[in-house]
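Residue strings, one per chain:
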Amino acid sequence: MSQQQTKNIITLRGSAQIICEYLKFAMNSVLFQRGLYPAETFKAEQHYGITLLLSEDAQIKNFLTNLLTQSEEWIVNKKVSKLSLIILDVANKEVLECWDFKVEYEEGDTALSKERNETVGNKDLKKIQQEIRDVMLQVAATISYLPFLDRRCSFDVLVHAKTDCDIPEQWAEAEPISITNAQNVQLKSFTTSLHKMETVVTYKLFD
Amino acid sequence: MAQFNYLNELNSLATIDGPLTRGPLQRWAKKTNNENHNPSFSASFKNMSNANISACNQSMQKLSISSNQSCNNSVLTSSKTPTRNDIKKGKKTPSKNKSPGRSTTPTPNKASKTPNKADRFIPSRSNSNYDLCHYMMSREEDKGEEVVAQKAAGEAIGRALTDTEPGRLLQYTCKAPAAPEGYQNRLRVVYSQAKVPSSVKNTTRYIPQAPDRILDAPDILDDYYLNLVDWSASNILAVALNNAVYLWNAATGQIEQLLSLEGSETVCSVSWVQGGGSHLAVGTSSATVELWDCERIKRLRVMDGHSGRVGSLAWNLHVVSSGARDGNIVHHDVRQRDHAVATLHAHTHEICGLKWSPDGRYLASGGNDNLLNIWPIAQGQHYTQTQYLYSFNQHLAAVKGIAWCPWSSGILASGGGTADRTIRIWNVNTGANLNTVDTKSQVCSILWSTHYKELISGHGYANNQLVIWKYPLMNRVAELTGHIARVLHLALSPDGVTVLSAGADETLRLWKCFMLDPSKKKEPTDSKAAKSLLNMNSLIR
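Residues numbered from 1 in each chain as written. Chains lettered and ligands numbered in written order. Predicted model: local features only at pLDDT ≥ 70, side-chain atom pairs only at ≥ 80, totals over all residues. Heavy atoms only, no water.

**Student:** I'd love a proper account of the side chain of B:His349, names of residues and values included.
**Tutor:** Along the polypeptide, B:His349 turns up in the loop between strand 14 (340-345) and strand 15 (351-356). Within the local environment of B:His349, its side chain forms a polar contact with the side chain of B:Thr348, the two groups lying 3.2 Å apart. With near-sequence residues (within four places) excluded, B:His349 lies in contact with A:Asp134, A:Leu137, A:Lys188, B:Arg325, B:Gly327, B:Asn368 and B:Asp369. (Helix = DSSP H or I, 4+ residues; strand = E, 2+ residues; numbered from the N terminus. Polar contact = N/O pair within 3.5 Å; in protein donor to acceptor, adjacent residues only side chain to side chain. Contact = heavy atoms within 4.5 Å.)

Structure follows, in structure tokens:
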């Protein structure tokens, strides 16, 4: 009985970890699927029962790790509403594509939370991973409609935080971006019962 | 209020400079002056607006007069102003005065008679009033519009970027590097029409580059997930076109319509029974599997068991396995009343590829969840166990093209969709991925040749070609182009010579790409005979 219970409890911290793990895989997937970096610099790994490709480039890895550890803190403290992965043209810094990962905060299991004196959720981890898998498959399928990025591109991640959020070291305020002639595609969303993650891709439509 | 005062002052200053204000005031100006005793610096709003009007009127007047002076058209604002018109009239060259449009009626008499000045004076005044009104009205409105527009733009940006709620936008300052200089996006192959430089090896045998025959396939569904073509061992080709199934006798060229579904139902898959029987299994969009006797053109039975369209079928003796959109595989024993002998929860998405191995030991299924599952046969039965032996997840897109090697047991070829573009060769006895080749194009279907150690694959964008690969090295042997839309399905003739390709361009093309060279076929036997003769000779000696 007790085992059954522990199995289905997700703490706020755990939920944030799931979200950040998803962000890591999703961002790596985007970098690979959109062909931003050479395919040789990616390594295939098995997660959620599917093959995902992770960048082996030390600088990219470092960037994402730092970004996501900080984001995890913010997500736990409900400071972040959205992370945007933007793909820029290296030559003129034009934003060609924007992947929005919107975080929404949910109640979780209120009865259980009261009992345990902290916010907890009760969703089965298997179910969450299944949902994440569905989104990842959709991310992989986007290449069939997204325009071809035929220039040298780089990427950046913008964090949409609350106003009362402190700026840590090595972080700075950023300018809002805009994409001309933009098209939106909403992908599937998933929820950990504490956090809901919505994924939207915005891309520039060329005539 | 302050800015109004300021504007008024500016206007009045501007008009004071004008040359005409020194003359007597106009009638309307006098009128306004009578109404307002202190026109320019009144504090009350009403007065001020009036003052504004008058000030503007003055400036307008100035404008209109200057225009009168520059172009000789007679618009008189004041009777006292000396105009050149009078002079010109005296000269009697009225045609010069007139605008070109009017010069068609240049009778001098008429010109003198026409009360030109009066005629034009009134519209001019009212015109200037209109301008004034418009000026007055639009001045404030413009500001309003600008503000509204700015607000709207701001809102749009806000919606798109900051989620409408205020917040700060942060970035990590240690940026990731850009792609290395000179790096070319490898996805170019997915998007470009340019021909991929292929390493087509010269082979000794001749492969015709043009199709042997082209058949029309109107209304064939352009759906990657269906299997609409099958060629029976008795040389009859079954093709599903939208809601109908047609049988084409490849030997005689006869065409027969087998069935036509009612309403908006469509045929999603067809599959012939093994060994040259006349039974055809038909999967429909209404989640049923129908069994037809094609000799008598008669439906034998309808089998249910699915909750989604049946896009793939495979026979193993008397068992027909069906894969559907619900991700389940159902094994139907067509001899039994309770036909559904087993149901496998095989995939989480639609099943698009389903093939029994020639020895009947394994069933391979590919789905839209990018998985390729291998199911071992159940002990003493002709259907599979409900637990897969292997689940290969290396493909990065839906797995539709699946084919078992006809000469080597347990060797399987599978091809992935647009996001994957690879053909992988598997050994299901060991679970090893023997070879992987990037085809640079969506793989829609795969077949093995029975005569040569070769495979043929049908592709989509960009070239919509068929590619023949040498096994096991996976070198390109030939490329057959001609389809103008992706090659959805492939079928091999029973004699193993002809490959039929069904394209989304609504054509069926027959390629004689595995032709046997008659001289070569005989050669080995001839040389054997010669050898034995030689041996005999040696023996005799």
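**Student:** Account for the packing of aromatic side chains, with residues named and values stated.
**Tutor:** Scanning the model with the defined rule gives 17 aromatic pairs over all chains in all. Seen from their ring centres, A:Phe32 and A:Phe42 are 5.2 Å apart, and the 65° between their planes marks the pair as edge-to-face. A residue pair is termed long-range when its members are at least 10 positions apart, and A:Phe32 in helix 2 (residues 12-33) and A:Phe42 in strand 2 (residues 42-47) qualify at 10 residues. Each member of the pair, A:Phe32 as well as A:Phe42, is classed as buried. With a centroid separation of 5.5 Å and 10° between ring planes, the pair formed by B:Tyr390 and B:Phe392 is classed as stacked. Linked through ring pairs, A:Tyr22, A:Phe101 and A:Phe190 together constitute an aromatic cluster. One cation-aromatic arrangement involves B:Lys400 over B:Tyr224; the distance from NZ or CZ to the ring centre is 5.8 Å. (Phe/Tyr/Trp six-rings, centres within 6.5 Å; stacked < 30°, edge-to-face > 60°. Buried < 20%, exposed > 50% of the residue type's maximum accessible area, 1.4 Å probe, protein only. Lys NZ or Arg CZ within 6 Å of the ring centre and 35° of its normal.)

**Student:** Can you lay out the pattern of salt bridges for me, pointing to particular residues and giving the numbers?
**Tutor:** Here the structure, examined in full by the defined rule, presents 22 salt bridges over all chains. Between A:Glu198 and A:Lys196 there is a salt bridge, with its nearest N and O atoms 3.7 Å apart. Assessed through its relative accessible area of 14%, A:Glu198 is described here as buried. Between B:Arg325 and B:Glu350 there is a salt bridge, and its shortest N-O distance comes to 3.4 Å. Of this pair, B:Arg325 sits in the loop between strand 12 (319-324) and strand 13 (328-333) while B:Glu350 sits in the loop between strand 14 and strand 15, placing them 25 residues apart in sequence. (Salt bridge = Lys/Arg side-chain N within 4 Å of Asp/Glu carboxyl O.)

**Student:** Describe the environment of A:Asn122, naming the residues involved and giving the relevant values.
**Tutor:** Within the secondary structure layout, A:Asn122 lies in the loop between strand 6 (120-121) and helix 5 (125-141). Apart from the residues within four sequence positions on either side, A:Asn122 is in contact with A:Asn8, A:Asp109 and A:Ser193.

**Student:** Just give me the short version of the sheet that holds strand 9 (residues 182-191) of chain A, but keep the residues and values in it.
**Tutor:** Judged by pairing direction, the sheet is antiparallel, and its seven strands sit side by side in the order 8(A)-1(B)-7(A)-4(A)-5(A)-10(A)-9(A) without closing on themselves. Here the strands that pair on one side only, and so sit at the sheet edges, are strand 8 (171-173) and strand 9 of chain A. Along the sheet, successive strands turn relative to each other by an average axial angle of 25°, direction set aside. Of the strand pairs in this sheet, strand 4 (residues 80-89) of chain A and strand 7 (residues 153-161) of chain A are connected by nine bridges, and their pairing is antiparallel. Residue pairing for strand 7 of chain A: A:Leu85 is matched across the bridge by A:Val157. Against the sheet, helix 3 (residues 58-76) of chain A touches strand 4, strand 5 (95-105), strand 7, strand 8 and strand 10 (195-204) of chain A together with strand 1 (168-172) of chain B, its axis set at about 10° to strand 7 of chain A. Along the sheet, helix 5 of chain A makes contact with strand 5, strand 9 and strand 10 of chain A, crossing strand 9 of chain A at roughly 160°. (Pairing = 2+ DSSP bridges. Axes fitted to C-alpha atoms, helices over the stretch in contact; angles between N-to-C directions.)

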